[in-house]
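Listed here are the chains, written in short residue letters.
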Amino acid sequence: LNEPDHSSFSASQSLQYQALLLYQQLYTFRLEANKNDALIDLDLDRLAFVNQHGIVTDKENLFENALKALETSYSNDPAVAQAMFLRALLYQQQGEKYHPVSNRINQFKIKEAKEIWDRIVAAYPGSEGAINAQNLLAQIQQPSLVLESEKVNLPGIPFRTLVKYKNTGSIHLRL
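Report on the accompanying structure. Owing to the predicted nature of the structure, the values given are computational and were not obtained by experimental measurement.

**Comments concerning the overall build of the chain**
Scanning the chain from terminus to terminus reveals six helices and two strands. Counting from the amino terminus, helix and strand elements in the chain follow one another as α-α-α-α-α-α-β-β. Against the globule reference of 16 Å for 175 residues, the chain gives a C-alpha radius of gyration of 22 Å, more extended than a compact globule. Judged by the C-alpha coordinates and their principal axes, the chain covers about 80 × 45 × 20 Å. Expressed as a percentage of its 175 residues, the buried residues of the chain come to 25%.

Next up, the structure:
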């Protein structure tokens, strides 16, 4: 293979290219050392870097598929729990984009993320991914209540209040 023509790269692209070359060298080194946890950690860093700096279309799906492939390759290693955690985090971010009218595609993504986090905690207790999953599970299961009233209300006319709640069985309000 010929070296690419660096004159067409901008300064940031050239630095990103150099970073990818370093990732390749580190990957080769860690592959020879035969340490799966270090290899998984490096691969997760590389995937995060490419996901952050990549300008390809559909990079979210590519990132998800790469995480799934990593999970399949190292399913018996506890270090893979972090890959599962990151995939579930991606699902949570997709689920937060859900809107009942305009974006129904991501309706159950947060539920899917929670199921993955529960599996991580059960299958890989004490791992980095399990600890991260426990922390995020506690955060998303925290009950919350937000009331937003209109700024201007006329006397004698009912006023509206938007009630947003999460992880609450019932709400009783009295004014």
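Picking up after the structure, the text goes on.
**Some thoughts on the environment of Lys 59**
Among the secondary structure elements, Lys 59 is positioned in helix α3 (residues 59-73). Classification of Lys 59 as partly exposed rests on a relative accessible area of 29%. Note: C-alpha distance between Lys 59 and Leu 154 (95 residues apart in sequence) is 50 Å. In this view, Lys 59 contacts Asn 51, Gln 52 and Gly 54; residues no more than four positions away in its chain are not counted. Of the polar contacts made by the side chain of Lys 59, one reaches the backbone oxygen of Gly 54; its length is 3.1 Å.

**Regarding helix α4 (residues 81-95)**
Taking 1.5 Å as the rise per residue, α4 with 15 residues should run 21 Å; its terminal C-alpha atoms sit 21 Å apart, in good agreement. Buried-residue contacts for α4 involve α2 (36-53), α3, α5 (109-123) and α6 (128-140).

**Description of α3**
Helix length check: α3, at 15 residues, gives a terminal C-alpha distance of 21 Å against a target of 21 Å (1.5 Å per residue), a fit within 8%. Of the residues making up α3, those classed as buried are Phe 63, Glu 64, Leu 67, Leu 70 and Glu 71. Viewed end-on, α3 has its buried residues packed into an arc of 125 degrees, placing them on one side of the element. Residues of α3 that are exposed and angled more than 90 degrees away from the buried face: Thr 72 and Ser 73. Considering only its buried residues, α3 is in contact with α2 and α4.

**A closer look at the pattern of salt bridges**
Going through the model one piece at a time under the given rule, you end up with eight salt bridges. Measuring nitrogen to oxygen at the nearest pair gives 3.2 Å for the salt bridge that ties Lys 111 to Glu 115. Of this pair, Lys 111 and Glu 115 both sit in helix α5, four residues apart, which is roughly one turn of the helix. On the basis of relative accessible area, Lys 111 is assigned to the exposed category, the value being 51%. Using a relative accessible area of 38% as the deciding quantity, one classes Glu 115 as partly exposed.

**Structural notes on the packing of aromatic side chains**
Under the counting rule described, the total for this entry stands at one aromatic pair. Here the aromatic rings of Phe 85 and Trp 117 are separated by 6.1 Å at their centres, their planes lie at 35 degrees, and the arrangement is tilted. Taken together, the residues span a long stretch of sequence, with Phe 85 in helix α4 and Trp 117 in helix α5 at a distance of 32 residues. There is no split in this pair, since Phe 85 and Trp 117 are both buried.

**Focus on a negative patch on the surface**
Judged by side-chain charge, Asp 37, Asp 41, Asp 45 and Glu 128 come together as a negatively charged surface patch. The element best represented in the negative patch is α2, accounting for three residues. Position of Glu 128 among the secondary structure elements: in helix α6.

Rules behind the numbers
Residues numbered from 1 in each chain as written. Predicted model: local features only at pLDDT ≥ 70, side-chain atom pairs only at ≥ 80, totals over all residues. Heavy atoms only, no water. Helix = DSSP H or I, 4+ residues; strand = E, 2+ residues; numbered from the N terminus. Rg over C-alpha atoms; globule rule 2.2 N^0.38 Å. Buried < 20%, exposed > 50% of the residue type's maximum accessible area, 1.4 Å probe, protein only. Contact = heavy atoms within 4.5 Å. Polar contact = N/O pair within 3.5 Å; in protein donor to acceptor, adjacent residues only side chain to side chain. Expected span 1.5 Å × (residues − 1). Arc of directions from axis to C-beta. Salt bridge = Lys/Arg side-chain N within 4 Å of Asp/Glu carboxyl O. Phe/Tyr/Trp six-rings, centres within 6.5 Å; stacked < 30°, edge-to-face > 60°. Patch = residues over 30% accessible without salt bridge, like charges linked within 9 Å, V, L, I, M, F, W, Y side chains within 5 Å. Areas by Shrake-Rupley, 256 points an atom, 1.4 Å probe, with all protein chains shown as cover. Lys, Arg positive; Asp, Glu negative; His and termini not counted. Charge placed at Lys NZ, Arg CZ, Asp CG, Glu CD.

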